[in-house]
Amino acid sequence: MTIREDGQNLRDTGLGEIELDHRLSATWSTPSGLWGALSSVDHKIIGRRYIVTAFVFLALGGLLAMAMRLQLSQPEARFIGPDRYNQIFTMHGTNMMFLFAVPVMEAMAVYLVPLMVGTRNIAFPRLNAFSYWMYLAGGLLLWIAFAVDTGPDIGWFAYVPLSGPQYAAGKRADIWAQMITFTEVSALAVAVEIVVTVFKQRAPGMSLDRIPLFVWSMLVTSFLIILAMPAIMIASSTLILDRLVGTHFFNPAEGGDVLLWQHLFWFFGHPEVYIIFLPAVGMVSTIVATFTRRPVFGYLAMVMALVATGVLAFGLWVHHMFVAGLPRLGESFFTASSMAIAIPAGLQIFCWLATMWAGRPVFRTPFLFVIGFMVIFVIGGMTGVMVASVPFDTQVHDTYFVVAHFHYVLVGGAVFPLLGAIYYWFPKITGRMMSETLGRWVFGLIFTGFNLTFFPMHILGLQGMPRRIYTYQPEMPWSGLNMFVSLSAVILAAGFLLFFIDAIRSSATGATAPANPWGASTLEWATSSPPPPYNFARLPVVGSLEPLSNNPETLPVASGLSVDRRELIVSSVVEALPEARESSPDNSIWPLWSALATTVLLIWSIFTPWAVVWGSIPVSIALIGWFWPKGTPEDDA
Amino acid sequence: MRTARILQLSIIAAVAGCSGNQSALDPQGAPAIHVEHLIIGITVICAAVWLLVMIVLGWALLRKRPSDSSQPGERSLTISVGSAVAATVIIITGLTIASFYTTRGIGLPENAALTITVRGQQWWWQVNYADPDPALSFQTANEIHIPVGQDVRVQLESADVVHSFWVPSLAGKQDLVPGRSNSLLLRAERPGIYRGQCAEFCGLQHTHMAMMVVADKPADYERWIAAQRQNGVMPTDPDAVAGKVAFLSKPCAACHTVRGTPATGTTGPDLTHIGSRKTIAAGLLETTRGSLAAWIADPQTLKPGNNMPMVPLTSVELRDISAYMESLK
């Protein structure tokens with residue numbers, strides 16, 4: 001141990017708690033004021049921003065859903081015309097998938113993964129800041145376009161040729177495609193950060209078999225993002241090329257192929273479902289373990305199921321194209337693979353059931369959402385098995401049956417666990433508890449409202465009601481159920497409204513939360529609520545899957561890190577043996593400038609391909625600023 | 001079981017509905033009947049499994065726990081989870097096989113004797129009855145007649161964007177993909193009018209892109225074919241006579257064909273026998289002189305964004321052209 005007189009490279013080893021906190025805070029905290037906020041690279045600040053932004057988009061998407069339900073509540077209603085309606089359902093799908101579901105899961109990971117693996121910041125923290133700004137810019141692009149009546153009207157799947165130069169005049173389709181670019185960049189950035197954080201920054205001793213299940217699920221999810229996103233990147237880029245510079249990737253008259261788009265889109269689009277669902281699986285496992293007072297049964301099986309789901313996710317995309325006229329043998333293969341994914345899903349359900357059976361359940365709000373998840377998601381899984389069958393699918397594809405199915409999967413399978421996760425981690429993030437009483441009301445309203453809204457849609461679909469229609473004739477036998485669905489949607493909306501009220505109120509006036517209010521066993525609960533800027537005063541050393549379960553008061557810690565510059569431990573991939581003291585980047589405004597420059601380039605390029613040439617100059621300048629050497633010393637091994 | 005009960009109720013409701021229903025639960029042709037059996041079978045099995053999982057869930061959560069803190073054996077849990085997974089594998093395999101058998105039972109459209117070509121366009125269906133003798137070939141729109149009890153191959157093509165041909169009471173759907181040719185097996189077991197509509201989002205008026213499949217007894221079908229092969233009738237009613245003159249002198253003929261007249265436009269639906277069709281504007285309105293007049297007077301209010309422009313007409317011209325259209329039986 002060395003403490004140098006000039007104060008450089010002061011290590012934490014011999015410092016008392018108070019001085020340690022003082023010095024670490026000075027090193028890691030984000031300066032107050034606007035400039036500080038804009039240049040922060042603290043994963044907790046960025047994660048919180050990300051989560052709040054994603055929930056704002058959830059609320060906006062929900063308003064669009066209510067507008068659609070108003071229009072469909074009665075036959076031949078004239079509240080919304082066809083042009084606006086097409087924009088609304090396109091916006092709803094695009095917003096919920098690209099601006100809410102994927103980002104919110106990544107946001108939770110940005111906040112939680114570094115805490116759960118016991119490190120001080122996420123890997124590539126400036127990239128993390130850049131990722132958030134890109135996400136925000138993409139969201140604003142889409143919503144501002146919609147506000148000025150230039151919202152995309154081609155469906156969230158943007159099938160060619162309807163989205164191509166011939167049938168989608170104006171800039172609506174370009175805005176959709178470029179919004180994809182924004183969210184791709186931000187999602188890929190976060191995925192890379194998570195992978196590196198999980199592989200290289202785990203607390204000493206957190207070997208692969210001691211990684212919390214939520215972290216495993218985010219690791220698998222991040223690989224899915226890295227492997228799936230390039231397909232949609234190619235798709236949206238070639239669409240922009242077709243539209244902007246006159247290529248013919250998708251024009252059959254010039255040797256292009258319409259189905260190429262569908263393959264590229266769904267090669268991304270199906271894994272996308274698991275990109276949303278797998279993090280939720282991790283949340284469920286975390287909540288189940290805490291509220292049954294025992295570890296999740298079958299840790300290895302759960303991890304294997306996650307990996308198997310991730311691999312199988314790439315072998316299912318054709319089931320979105322069962323009526324596109326593909327060869328029958330191919331269709332049969334994809335029926336079998338789509339059915340097969342029920343097996344790892346079933347395995348996870350059974351492991352949770354076993355955990356609940358063997359444990360001692362405590363029925364707090366997060367756990368209620370998990371129970372709701374089980375009830376709803378299993379129905380969604382069942383209808384998933386149904387649409388995996390080609391003949392079955394030919395009757396329900398593109399009908400309200402499928403609308404019901406994927407809302408059961410995505411809302412039941414992802415939003416319920418997410419809401420549970422918010423109730424669960426809210427005290428960690430804000431330092432305050434959410435209301436248990438209101439929480440029960442929120443759960444009751446959302447659970448009831450959801451089922452009453454979406455279950456009848458199965459029947460509507462079988463009765464022949466197609467998706468994406470802005471009205472229907474009074475002769476069709478759909479009026480009664482549609483009115484019922486629209487009224488039920490009000491209950492669902494009331495539940496979400498109450499949730500937002502509870503969250504906003506609790507963040508200001510909720511009861512103060514202790515470090516570990518639920519008696520949980522993962523590392524994020526080993527530090528105060530909310531955590532200090534440096535996460536852990538001394539980095540924990542992990543000796544089991546549940547480091548806090550035995551002696552929460554006496555967690556072993558590692559020492560020797562510098563306190564006057566940002567340092568964290570790099571550890572080995574498998575056993576998490578400490579390998580080096582790695583410096584972690586300081587706050588910087590350059591990620592924001594880089595994101596702004598990239599935004600200008602991307603939006604400008606909707607109008608002229610030359611934007612790519614001229615727009616790259618400010619991007620280069622911003623990147624030079626970002627990477628300008630700071631004279632930080634080399635890492636110590 | 002809730003699923004199954006609701007399904008049953010809705011089946012009853014659907015069967016009780018009038019003919020012309022558009023429902024997968026009201027199958028009137030062999031392909032749709034096969035699929036309906038599969039739908040009911042899978043639904044019942046899935047509902048049973050769901051119920052079982054829910055019972056286990058309730059039991060796991062609410063069971064009385066022993067007062068001492070003895071933990072149940074991991075071994076028994078492993079066996080339970082293992083057998084549940086094995087049961088899942090068996091059920092999934094069974095359902096996959098059932099699905100394959102249904103596909104085989106429906107058969108291939110290539111073996112059908114009769115072929116009708118449907119060409120999807122924004123936002124209507126062009127229907128071609130081809131014959132080796134071009135004089136016997138004809139074109140119609142939004143209404144397909146098929147003979148009862150006979151396999152019919154519907155060849156599906158698209159003139160613009162992706163559409164999807166779906167008449168749920170007769171068969172599952174199939175996409176119409178530009179640059180490709182798909183086909184679908186259609187069959188009706190009893191005479192009736194079966195409604196269908198486009199199932200793939202195809203733009204502004206995707207909502208109003210319906211069609212009728214009329215299943216005729218063989219004799220009726222032959223009569224219909226013979227009638228459709230005729231040129232448009234010469235009007236006799238004075239309004240209709242004046243209407244024909246107006247029709248040919250106005251821009252109408254630039255887009256529409258009435259065989260036997262100089263009107264040979266191909267952008268819009270063939271109107272040679274429009275008066276004989278049940279509906280106009282792809283299922284939007286029932287064909288009457290009044291609805292024809294309303295449509296011609298202002299197509300953009302009834303079906304905003306469709307490709308038929310509003311042609312300025314005097315009220316007399318409008319009345320006469322509607323009369324002419326109605327006379328084209």
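So, how was this worked out
Residues numbered from 1 in each chain as written. Chains lettered and ligands numbered in written order. Predicted model: local features only at pLDDT ≥ 70, side-chain atom pairs only at ≥ 80, totals over all residues. Heavy atoms only, no water. Helix = DSSP H or I, 4+ residues; strand = E, 2+ residues; numbered from the N terminus. Rg over C-alpha atoms; globule rule 2.2 N^0.38 Å. Buried < 20%, exposed > 50% of the residue type's maximum accessible area, 1.4 Å probe, protein only. Areas by Shrake-Rupley, 256 points an atom, 1.4 Å probe, with all protein chains shown as cover. Contact = heavy atoms within 4.5 Å. Lys, Arg positive; Asp, Glu negative; His and termini not counted. Charge placed at Lys NZ, Arg CZ, Asp CG, Glu CD. Salt bridge = Lys/Arg side-chain N within 4 Å of Asp/Glu carboxyl O. Pairing = 2+ DSSP bridges. Axes fitted to C-alpha atoms, helices over the stretch in contact; angles between N-to-C directions. Buried area = accessible area lost by both parts, 1.4 Å probe. Phe/Tyr/Trp six-rings, centres within 6.5 Å; stacked < 30°, edge-to-face > 60°. Lys NZ or Arg CZ within 6 Å of the ring centre and 35° of its normal. Patch = residues over 30% accessible without salt bridge, like charges linked within 9 Å, V, L, I, M, F, W, Y side chains within 5 Å.

J.: Hey, could you run me through the overall build of chain A in this one?
T.: A tally of regular secondary structure across chain A gives 18 helices and 2 strands. In terms of overall size, chain A behaves like a compact globule, its C-alpha atoms giving a radius of gyration of 25 Å where 637 residues would be expected to give roughly 26 Å. Its C-alpha atoms put chain A at 85 × 60 × 50 Å along the principal axes. By the burial criterion, 66% of the 637 residues in chain A qualify as buried. Accessible surface, chain A: about 21,200 Å² in total, of which carbon and sulfur atoms supply 69%.

J.: Please clarify how the overall build of chain B should be interpreted in this entry.
T.: Scanning chain B from N- to C-terminus turns up 9 helices and 12 strands. In terms of overall dimensions, chain B has C-alpha extents of about 100 × 40 × 40 Å along its principal axes. When burial is assessed residue by residue, chain B has 54% of its 329 residues classed as buried. At a minimum sequence separation of 6, the contacts of chain B that also span at least 24 residues come to 64%. With the model as given, the accessible surface of chain B reaches about 13,900 Å², and the carbon-plus-sulfur share is 63%. The average position of the 26 basic charges and that of the 25 acidic charges among the side chains of chain B differ by 8 Å.

J.: Help me out: how do you make sense of the environment of A37 of chain A in this one?
T.: Residues and elements named next belong to chain A. Structurally, A37 can be placed in helix α2 (residues 34-39). According to the relative accessible area criterion, A37 is partly exposed, its value standing at 28%. Counting along the chain gives 19 residues from A37 to V56, while the straight-line C-alpha distance between them is 19 Å. When sequence neighbours within four positions are dropped, the list of residues in contact with A37 reads T30, P31 and R49.

J.: Sorry, what's going on with the side chain of T102 of chain B here?
T.: Structurally, the position occupied by T102 of chain B is in helix α3 (residues 74-106). If we skip the residues at most four places from it in the chain, T102 of chain B touches P391 of chain A together with H34, V35 and L38 of chain B.

J.: Sorry if this is basic, but what is going on with the pattern of salt bridges here?
T.: Where charged atoms from two side chains of opposite charge approach closely, those side chains can pair. Tallied over the full model, the rule gives 29 salt bridges over all chains. Residue R319 of chain B is joined to D320 of chain B by a salt bridge in which the shortest nitrogen-to-oxygen separation is 3.4 Å. Taken together, the shared-partner salt bridges connect D83, R84, D149, D153 and R172 of chain A into one network.

J.: Can you help me understand the sheet that holds strand β9 (residues 192-197) of chain B in this one?
T.: All names here are of chain B. What the 3 strands build is an open sheet, ordered β4-β10-β9; its pairing is mixed. With one partner strand each, in any of the chains shown, β4 (143-147) and β9 form the two edges of the open sheet. For this sheet the average axis-to-axis angle between neighbouring strands, irrespective of direction, equals 25°. The pairing of β9 with strand β10 (residues 210-216) spans 6 bridges and is classified as antiparallel. Along β10, the bridge assignment pairs I193 with V214.

J.: Sorry if this is basic, but what is going on with the interface of chain A and chain B here?
T.: Note on interface size: it is often stated as the accessible area lost on association of the parts. Opposite the 81 residues of chain A that make contact, chain B presents 86 residues. Carbon and sulfur atoms make up 68% of the area that chain A and chain B hide from each other, which totals about 6,900 Å². By the criterion of area lost to chain B, the three top residues of chain A are W357, Q395 and L462 of chain A, representing 12% of everything that side buries. Residue R180 of chain B is joined to D257 of chain A by a salt bridge in which the shortest nitrogen-to-oxygen separation is 3.0 Å.

J.: What's the story with the packing of aromatic side chains in this structure? I'm lost.
T.: The relative placement of two aromatic rings is captured by the distance of their centres and the angle of their planes. Taken as a whole and assessed by the stated rule, the structure comprises 62 aromatic pairs over all chains. Ring geometry for F291 of chain A and Y424 of chain A: centres 5.8 Å apart, planes at 65°, overall edge-to-face. Taken as a pair, F291 of chain A in helix α8 (residues 258-292) and Y424 of chain A in helix α14 (residues 400-430) lie far apart in primary sequence, 133 residues in all. With a relative accessible area of 0%, Y424 of chain A lands in the buried category. Put simply, the rings of F55, F100, F369, Y408, F416, Y423, F443, F447, F450, F454, F499 and F500 of chain A touch in pairs and so form one group of aromatic residues. The ring of W357 of chain A is capped by R63 of chain B, whose NZ or CZ atom sits 3.8 Å from the centre of that ring. In this structure, K173 of chain B packs its charged tip against the face of W166 of chain B, placed 4.1 Å from the ring centre.

J.: Mind showing me how you'd approach a nonpolar patch on the surface here?
T.: All names here are of chain A. A cluster of nonpolar residues, V600, W604, F607, W610, V613, W614, I617 and I621, forms a patch on the protein surface that exposes about 870 Å² of accessible area. Among the elements of the structure, α17 (590-604) and α18 (610-627) are those that each provide at least two residues to the nonpolar patch. Top element by residues in the nonpolar patch is α18. It accounts for 5 residues. Residue placement: V600 occurs in helix α17.

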